[in-house]
There are 2 protein chains.
Amino acid sequence: MGEVCMDTEGTSVKMNKKELVRKKNQTLLLDAAEALFSTLGYDRTSVSLIAAKAKVPKANVLYYFKNKENLYSAVLERIMSGWGVGLVDLSAEDEPAQALYQYIRFKVRVSCEFPAQSRLFTTEIIRGAPHLGAHLREQTRPWFRNIITVIQAWIDAGKIRPVDPSHLLYMIWSSTQYYADYQTEVFILENKLEYEDSDIESITQSISKVILTGLGLEVPELN
Amino acid sequence: MGEVCMDTEGTSVKMNKKELVRKKNQTLLLDAAEALFSTLGYDRTSVSLIAAKAKVPKANVLYYFKNKENLYSAVLERIMSGWGVGLVDLSAEDEPAQALYQYIRFKVRVSCEFPAQSRLFTTEIIRGAPHLGAHLREQTRPWFRNIITVIQAWIDAGKIRPVDPSHLLYMIWSSTQYYADYQTEVFILENKLEYEDSDIESITQSISKVILTGLGLEVPELN
DNA sequence: TAATTAGTTGACCATTCGGTTAGTCTTGCT
DNA sequence: AGCAAGACTAACCGAATGGTCAACTAATTA
């Protein structure tokens, strides 16, 4: 079966059986590793556990990924690249209220629906970002700088009240991510067992209302 | 030397030499353990490392704390009790602007000045709070409910705009704690190596401005 | 002071883990 | 078919770790 996929240079190539098997096993292992790393953490996840979850011999895991750290890095990279698609690119021409509201909504939904990934990322940062440091410097930072510029342009144009753009972004990131990382605490305090759609809605509304009002904006209507 | 200290019931007692030694060694070990757990995490902190840091034989560590988990729990408990003193108790009679502003200021300072403790706490929650679950249910929850009531009273009295009090509190917690947990990311994005007093000030101002304005309040003057 | 209790410690152990190796099997190519 | 390259795997290994134990010392008490 001649399948088609994107190689690292982005050109489409036909893969022979070996390459196909390789790809299949890699994603198989990445899936197992991601699930385990994100629930147990790096140290409590043993290579043999990953192997068992993926139903392959342990040595096979080390065959595809030279060592445990390597596999962990690969998992993180895949998560980061997966997040890239959702990262709304703001531009100075956008309406701040609409843009920020949509962004907050998106981040709340991701936090509530994929909390494990968020937690894995947070753990990595808390540890000092040993594997993602380069990614933060080379990928996140330029993107961050760009957003800062946009927000500053909004301020200069009088579209929103003057606030330090960095701290505004941190507020959005932290208050949305909170529902993933602190899920355990939230559930205890709220006496809940899971997030429902109505929770996601009310979280989005609450955060949006405070932040947008704080910026002198109105919360846009739902379309 | 007849020293005096508070026992668990809060009554002052004279301790003989053995009890004194016991207390001294316990805090010695707790200090070493806290420093290591908060920088290396639970699994990468070995009992022998703690022993080395405290300059006592490894077996002595296990003598005072039955096992590693026990010691870890003790460290967490001590941190939580230490935070208790700083937790401003709000009351419905307080001026919301003043009270919230002071609370935000306090939390930002703690996050920037003692980030390791905050990170240890966050890690515990991310892991599902295996050791602090009871504390959250029995200590934090009642306190949380109380604050919720106060905020709701403010809303009912028309002192602040209507917002879900829970989500408001989460916003304050998350946006202040962020500077501890995500310190690594913040430093990379801001091209900094440490928080300075001016940073603490500007963080406090930014967060306060957005949240208080979002609640229809003015940021109070510094006294 | 004698006896009992508590503190201290080096040596030791079972287990687990990440990683290696040596050898077998499968696939693709000529 | 035959061969080289890559896929696969059982068995093994050294290192580290949490925890135990028996022996020894110091302090408290009767």
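Being a predicted model, the structure only gives us computed values, none of them experimental. (Residues numbered from 1 in each chain as written. Chains lettered and ligands numbered in written order. Predicted model: local features only at pLDDT ≥ 70, side-chain atom pairs only at ≥ 80, totals over all residues. Heavy atoms only, no water.)

**Q** Would you mind showing me how to read the interface of chain B and chain A here?
**A** Each partner contributes residues to the interface: chain B has 52 residues there, and chain A has 51 residues. For the pair chain B and chain A, the summed buried surface comes to about 4,800 Å²; carbon and sulfur atoms form 64% of the total. At the junction of chain B and chain A, the tally comes to 2 salt bridges. Residue B:Arg44 is joined to A:Asp43 by a salt bridge in which the shortest nitrogen-to-oxygen separation is 2.9 Å. For the interface between chain B and chain A, the tally reads 22 residue pairs in polar contact (both at pLDDT 80 or more). Elements supplying a minimum of two residues to the side of chain B that touches chain A: helix 6 (115–126), helix 7 (133–156), helix 8 (165–181), helix 9 (183–190) and helix 10 (197–214) of chain B. At 11 residues, the largest contribution of residues to the side of chain B that touches chain A is made by helix 8 of chain B. Tallied by class, residues from the side of chain B that touches chain A come to 22 nonpolar, 16 polar and 14 charged. (Contact = heavy atoms within 4.5 Å. Buried area = accessible area lost by both parts, 1.4 Å probe. Salt bridge = Lys/Arg side-chain N within 4 Å of Asp/Glu carboxyl O. Polar contact = N/O pair within 3.5 Å; in protein donor to acceptor, adjacent residues only side chain to side chain. Helix = DSSP H or I, 4+ residues; strand = E, 2+ residues; numbered from the N terminus. Nonpolar A, V, L, I, M, F, W, Y, C, P; charged D, E, K, R; others polar.)

**Q** Looking at this structure, I do not really get the side chain of A:Thr213. What am I missing?
**A** Here A:Thr213 shows up in helix 10 (residues 197–214). Residue A:Thr213 is classed as buried on the basis of its relative accessible area, which comes to 13%. Among the polar contacts made by the side chain of A:Thr213, one reaches the main-chain carbonyl oxygen of A:Lys209 at a distance of 2.5 Å. Ignoring sequence-local partners within four residues, the contact set of A:Thr213 consists of A:Ser208, B:Arg161, B:Thr213 and B:Gly214. (Buried < 20%, exposed > 50% of the residue type's maximum accessible area, 1.4 Å probe, protein only.)

**Q** Looking at this structure, I do not really get the packing of aromatic side chains. What am I missing?
**A** The geometry of an aromatic ring pair is captured by the separation of the ring centres together with the interplanar angle, meaning the angle of the planes. Inspection of every chain in the model, using the stated rule, returns 32 aromatic pairs over all chains. For the ring pair A:Tyr42 and A:Tyr72, a centre distance of 4.9 Å and an interplane angle of 75° mean the geometry is edge-to-face. Note that A:Tyr42 is positioned in the loop between helix 1 (17–40) and helix 2 (47–54) and A:Tyr72 in helix 4 (residues 68–84), a separation of 30 residues in sequence. Of the two residues, A:Tyr42 and A:Tyr72, neither departs from the other in class, the shared state being buried. Judged by centre distance (6.3 Å) and plane angle (45°), the rings of A:Phe121 and B:Tyr182 are tilted. Of this pair, A:Phe121 sits in helix 6 (residues 115–126) while B:Tyr182 sits in the loop between helix 8 and helix 9, each in a different chain. B:Tyr182 carries the same exposure label as A:Phe121, and that label is buried. Grouped by ring-pair contacts, the aromatic residues A:Trp83, A:Phe121, A:Trp143, A:Phe144, A:Tyr170, A:Trp173, B:Tyr178, B:Tyr179, B:Tyr182, B:Phe187 and B:Tyr195 constitute a single cluster. Over the aromatic face of A:Tyr42 sits the side chain of A:Lys68, whose NZ or CZ is 4.3 Å from the ring centroid. (Phe/Tyr/Trp six-rings, centres within 6.5 Å; stacked < 30°, edge-to-face > 60°. Lys NZ or Arg CZ within 6 Å of the ring centre and 35° of its normal.)

**Q** Is there a simple way to think about the packing of helix 8 of chain B against helix 10 of chain B in this case?
**A** Between two packed helices, the angle of one axis relative to the other and the distance separating the axes together describe the packing. Residue and element names in this part refer to chain B. In contact at an axis separation of 11 Å, helix 8 and helix 10 are set at 160° when each is read in the N-to-C sense. Judged by the angle between their axes, helix 8 and helix 10 are roughly antiparallel. You can see that helix 8 and helix 10 cross each other, and the crossing is right-handed. Between helix 8, through Leu 168, Ile 172, Ser 175, Thr 176 and Tyr 179, and helix 10, the contact on the second element is made entirely by Ile 203, Ile 207 and Ile 211. Of the residues belonging to the contact of helix 8 with helix 10, the class tally is 6 nonpolar, 2 polar and no charged. (Axes fitted to C-alpha atoms, helices over the stretch in contact; angles between N-to-C directions. Parallel < 35°, antiparallel > 145°, perpendicular 65-115°, else oblique. Left-handed = near helix turned anticlockwise from the far one by under 90°.)

**Q** Would you mind showing me how to read the protein's contact with DNA strand D here?
**A** Around DNA strand D, the structure places 18 residues, and the nearest of them are A:Tyr63, A:Tyr64, B:Lys17, B:Lys58 and B:Lys68. What you see for DNA strand D is that sugar and phosphate hold 68% of its atoms within 4 Å of the protein. A distance of 3.2 Å is found between a phosphate oxygen of DNA strand D and a side-chain nitrogen or oxygen belonging to A:Asn25. Between DNA strand D and A:Tyr63, the relevant distance is 2.2 Å, taken from a phosphate oxygen to a side-chain nitrogen or oxygen of the residue. (Near = heavy atom within 4 Å.)

**Q** Quick question: what am I supposed to make of the layout of surface pockets here?
**A** The gaps of empty space that remain are located by a probe, the size of a water molecule, rolled over the atoms. Considered as a void within the structure, the largest pocket measures approximately 790 Å³ in volume. What lines the largest pocket is a set of 35 residues, among which A:Thr123, A:Arg127, B:Gly41, B:Thr123 and B:Arg127 lie closest to the centre. For the lining of the largest pocket, the secondary-structure elements that each account for two or more residues are helix 1, helix 4 and helix 6 of chain A together with helix 1 (17–40), helix 4 (68–84) and helix 6 of chain B. Considered class by class, the residues forming the lining of the largest pocket number 14 nonpolar, 11 polar and 10 charged. (1 Å grid on protein atoms, 1.4 Å probe; cavity = no way out; pocket = protein on both sides within 12 Å on 5 of 7 lines; lining within 4 Å. Points joined across faces, edges and corners; volume = space filled by probe spheres on them.)

**Q** Just checking my understanding: could you explain unusual backbone geometry for this structure?
**A** When glycine is set aside, most residues are seen to have a negative phi, and most peptide bonds are trans. Positive phi outside glycine occurs at A:Lys55, with the angle close to 55°. As for its position among the elements, A:Lys55 is in the loop between helix 2 and helix 3 (58–64). Given the relative accessible area of 77%, A:Lys55 is considered exposed. One non-glycine residue, B:Asn191, lies in the positive phi region at around 60°. Residue position: B:Asn191 is located in the loop between helix 9 and helix 10.

**Q** So what exactly am I meant to see when it comes to helix 7 of chain B here?
**A** Since the α-helix advances by 3.6 residues per turn, residues separated by three or four positions end up pointing in the same direction. Over its 24 residues, helix 7 of chain B extends 32 Å from the first C-alpha to the last, a length consistent with the 34 Å expected when each residue adds 1.5 Å. The largest bend along helix 7 of chain B measures about 40° and falls at B:Thr140, with the proline B:Pro142 one to four residues further on. For helix 7 of chain B, every residue scored as buried is listed here: B:Gly133, B:His135, B:Leu136, B:Thr140, B:Trp143, B:Phe144, B:Ile147, B:Ile148, B:Val150, B:Ile151, B:Trp154 and B:Ile155. On the buried face of helix 7 of chain B, the contacting elements are helix 9 (183–190) of chain A together with helix 4, helix 5 (96–113), helix 6 and helix 8 of chain B. (Expected span 1.5 Å × (residues − 1). Bend = angle between axes of the 7 residues up to and from the residue.)

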